[in-house]
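# An overview of the molecular structure
These are the residues of each chain, in order.
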Amino acid sequence: MSYIVLGRKYRPQIFDEVYSQDHITKILSNAIKSNRIAHAYLFTGPRGVGKTSMARILAKSLNCETGPTDRPCGKCNNCLEISASTSTDVIEIDGASNTGVDDVRELQKELFYPPAKSHYKIYIIDEVHMLSKNAFNAFLKTLEEPPDNVVFIFATTEPQKVLATIISRCQRFDFRRIPVEDIVDNLKKIAAQEKLEIDEESIYLIARKSDGGMRDALSLLDQVISFADGPIRIDLVRGVFSELPLVTHTQIMQSILNHEPQTLIRQYHDIINQGIDLTEFLNSFLDFLRQLVLLKVGITPRGIIKDDLDVCQKITNLTELDFLLYLISLVIQLKQDIRVSSHPSILIEVVLIKLTRLDEMEPLDKILAHLERLPETGAVATLPVFSGASPAPVKKVQVVAPDAAIEIDYTPPKKVRELTKEHVLENWDNFVGKIKSGKKLLSIYLKKENIAGVKSDLIFMDCDSTIQYKLVSEAKESLDNLLSNFFDLPVKLIVRLKESEQVEDKHTPTLQEIREANPTLAKLIEMTDALILPNTDHRRK
């Protein structure tokens, strides 16, 4: 007899053998017991979680010679034929190969023929989302009111592509991914039946690689058995899947935390020389970082053996959560970048070097928090560093609050008893130069030629434009203090707008004056019955 792959050999034959889908098996079992059998079912969920197997079990339950029953015998002709996919009353259709309206019409013709030797005529349509929209629409009436002895079972991995009008006519069941622990339990049972010598760490690795699908797990186990020549050990399994051992990831993290870019690049080159794919390397490292993050927040990752768990826990004790999250974000971005890059290896090397220098970067939220705590006049702020394993040297940055008053460091001019225009003009450039670093825009508008006069403790400045007038006026209080300190005398700045810039009220011409001045406008006024409205925007300075 030819070899049967494990996925087919250990396929569930009754409801109790289906892993981690109790929420579905219980409903179907109770429905059969109470004779509340629907005419259409829709099974949705990821690949390899038991959708088609469940459809066959339901078909056997309905057509078993001892049934309908929730525990088909598996020995009668109907059960054996359904298991072998040779039953004339249970038709399995591939939705991807029968997508058109004509295929649906052929199916509709067959519905009028009663089942040959069973209770029900059952149609199992796999990947039903592949049917065209027209095919779905042609199927609507039949699906809503099929013959009494016909049952439809649809299976799909993409329910969002199935028309809502189809879903509404079915009982929908959403299959879940199978937990790692359940896959491990099943693999151990199968290994015992197959008399395989395999260590627990290898079983856990296979379970994690299956991504919640039992069929994938059995396929991977088949692959490992074919490769192994004797006992199955973790090193052999890692070689089959190009999986990096935990010690490699711990060495990488050690190089990152110790700020050793040369060592990290050498480790990366060693990995590439082993023939490990770049994407596989990044995926493996991401999964390792994910385990560290879960441990950091107090969650034990599923599918990890105790020895690996202890090592990961030691690493998390040396790192901060923000540091690990930032590492993950960088690696995810790197995965996206290398997809479109012609030099992916160079990108990876650059990012790896960057990872060893993360302590030199300041997290934005901490910088903003320290800025908010600064006094209004500005101060020197000591910001914490974004460290991983060990504290890095403290950095100091000079920060000036944006709304602080103008700070100047000046050498005062020659002291006088009373200000004169000549004395002000003589020292004005020096004054403007001292405040330029703090208020560069304002200093541009503090022109010497705008000094119109000086009288006692008053300095008169006539502005050329409204913009200059607005800027200088807004800073007047600060400028008064600065001028007083600069000249060592009480000084007030009087800001004025030149008369040429002021808006004066103008005479509004009457309609008669407009007609006399412009005959063309006179015609327009007559045609449109135009009026002259008063100008309400009088801007007087």
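See above for the structure.
The structure contained in this document is the topic of the report that follows. Quick caveat, the model's predicted, so the values are computed rather than measured. (Residues numbered from 1 in each chain as written. Predicted model: local features only at pLDDT ≥ 70, side-chain atom pairs only at ≥ 80, totals over all residues. Heavy atoms only, no water.)

### Here's the deal with the packing of helix α10 (residues 214-227) against helix α11 (residues 234-241)
Helix packing for two helices is described by the angle between their axes and how far apart those axes are. Relative to each other, α10 and α11 sit at 110 degrees, their axes nearing to 10 Å. With respect to α11, the element α10 is oriented roughly perpendicular. Classified by chirality, the crossing of α11 by α10 is right-handed. Counting all contacts with α10, which are made through L220, Q223, V224 and F227, the residues of α11 involved are L236, V237, V240 and F241. Taken together, the residues of the contact of α10 with α11 sort by class into 7 nonpolar, 1 polar and no charged. (Axes fitted to C-alpha atoms, helices over the stretch in contact; angles between N-to-C directions. Helix = DSSP H or I, 4+ residues; strand = E, 2+ residues; numbered from the N terminus. Parallel < 35°, antiparallel > 145°, perpendicular 65-115°, else oblique. Left-handed = near helix turned anticlockwise from the far one by under 90°. Contact = heavy atoms within 4.5 Å. Nonpolar A, V, L, I, M, F, W, Y, C, P; charged D, E, K, R; others polar.)

### A word on the sheet that holds strand β8 (residues 451-455)
What links the strands of a sheet is backbone hydrogen bonding, and the strands pair in either a parallel or an antiparallel sense. Spatially, 3 strands are ordered β8-β9-β10 in an open sheet, and the strand pairing comes out mixed. Of all the strands in the sheet, just β8 and β10 (492-497) have a single pairing partner and so form its edges. Between one strand axis and the next, the sheet turns by 20 degrees as a mean value, whatever way the strands run. Bridging between strand β9 (residues 458-463) and β10 involves 6 bridges; their strand directions are parallel. Bridging across to β10, C463 finds its partner in L497. Across the sheet, helix α21 (residues 466-474) lies against β9 and β10, angled at about 155 degrees from β10, the strand it touches most. Sheet strands in contact with helix α22 (residues 476-487) are β9 and β10, and its direction is about 135 degrees off that of β10. (Pairing = 2+ DSSP bridges.)

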